[in-house]
Amino acid sequence: MKEPPLQSTFEKYEKKFKALADQKRLHILNLLCQQDSSCVCDLSEIIDMPQSKLSYHLKILLDANLIQKETKGTWSYYTVNTEEINHLLSPELCCLFRPSCC
């Protein structure tokens, strides 16, 4: 049975908002917004979090498509997915709750 389009949209946003519903992940996003890209080792030092815990939070943000990862050699560099962040801050989401604004 095919999933209704609205259900798919709800699931997409649920994943994004769950990823944002954590102070540590909000802190990580804030730091990434201030830099072009950051390595796990740099982020770990800045927020004083072990790399293993940081990697857990980065994976959640990656799965929600809120950040992007680029691997260079043995290091992974993370950037904010500006397009996805803009969708969360844009009229697109507004249309789900106030159709009159669309």
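How each quantity is defined
- Residues numbered from 1 in each chain as written.
- Predicted model: local features only at pLDDT ≥ 70, side-chain atom pairs only at ≥ 80, totals over all residues.
- Heavy atoms only, no water.
- Helix = DSSP H or I, 4+ residues; strand = E, 2+ residues; numbered from the N terminus.
- Buried < 20%, exposed > 50% of the residue type's maximum accessible area, 1.4 Å probe, protein only.
- Areas by Shrake-Rupley, 256 points an atom, 1.4 Å probe, with all protein chains shown as cover.
- Core = buried A, V, L, I, M, F, W, Y, C linked by side-chain atoms within 4.5 Å.
- Contact = heavy atoms within 4.5 Å.
- Salt bridge = Lys/Arg side-chain N within 4 Å of Asp/Glu carboxyl O.
- Arc of directions from axis to C-beta.
- Pairing = 2+ DSSP bridges.
- Axes fitted to C-alpha atoms, helices over the stretch in contact; angles between N-to-C directions.

Enquirer: Residues and numbers for the overall build of the chain, please.
Expert: Helix and strand counts for the chain stand at six helices and three strands. Start at the N end of the chain and walk to the C end: the helices and strands fall as α-α-β-α-α-β-β-α-α. Within the span of the chain, comprising 102 residues, buried residues form 31% of the whole. For the chain, the accessible area works out to roughly 7000 Å², and carbon and sulfur atoms hold 53% of it.

Enquirer: Would you mind going over the nonpolar core in detail, with residue names and values included?
Expert: Core analysis: the largest hydrophobic core is formed by 21 residues, its most contacted members being Ile-28, Leu-32, Leu-54, Leu-58, Leu-61, Leu-66 and Ile-67. Going through the elements one at a time, helix H1 (5–20), helix H2 (23–33), helix H3 (40–47), helix H4 (51–63), strand S3 (75–80) and helix H5 (82–88) are the ones with two or more residues in this core. Broken down by element, the residue count for this core peaks at four residues, all from H2. With sequence-adjacent residues up to four places away left out, Leu-66 is seen in contact with Lys-16, Ala-19, Leu-20, Leu-29, Leu-61, Val-80, Asn-81, Glu-84, Ile-85 and Leu-88.

Enquirer: Any details on the pattern of salt bridges? Residues and values, ideally.
Expert: In the structure shown here, the tally under the stated rule is three salt bridges. Of the charged contacts, one joins Glu-14 and Lys-18 as a salt bridge, the two residues approaching to 3.5 Å between their closest N and O atoms. A residue pair is termed a helical-turn pair when its members lie 3 or 4 positions apart in one helix, as Glu-14 and Lys-18 do in helix H1 at four residues. Close ionic contact of Lys-16 with Glu-84 constitutes a salt bridge, the shortest N to O distance being 2.8 Å.

Enquirer: Can you lay out the environment of Ile-60 for me, pointing to particular residues and giving the numbers?
Expert: Mapped onto the fold, Ile-60 is located in helix H4. When its relative accessible area of 21% is taken as the criterion, Ile-60 is described as partly exposed. Along the backbone, Ile-60 and Lys-18 are 42 residues apart, and their C-alpha atoms lie at a distance of 8.9 Å.

Enquirer: So what's going on with H3? Residues and values would help.
Expert: Here H3 has its buried residues at Val-40, Leu-43, Ser-44 and Ile-47. Within H3, the buried residues cover an arc of 100° as seen down the axis, which keeps them to one side. On its buried face, H3 sits against H2, strand S1 (38–39), H4 and S3. Trailing H3 by a residue or two, Asp-48 shows a phi angle of about 55°, which is positive.

Enquirer: Give me the lowdown on the pairing of strand S2 (residues 67–72), citing residues and values where you can.
Expert: Sheet topology note: the S2/S3 ladder contains six bridges and is antiparallel. Bridge pairing in S3 links Thr-71 to Ser-76. In sequence, S2 turns back onto S3 through a hairpin of two residues, with Gly-73 there showing a positive phi of about 65°.

Enquirer: Give me the lowdown on the sheet that holds S3, citing residues and values where you can.
Expert: Read across the open sheet, the three strands follow the order S1-S3-S2; overall the sheet is antiparallel. The sheet is open, and its two borders are formed by S1 and S2, each paired with just one other strand. Contacting S2 and S3, H4 runs over the sheet at an angle of about 115° to S2.

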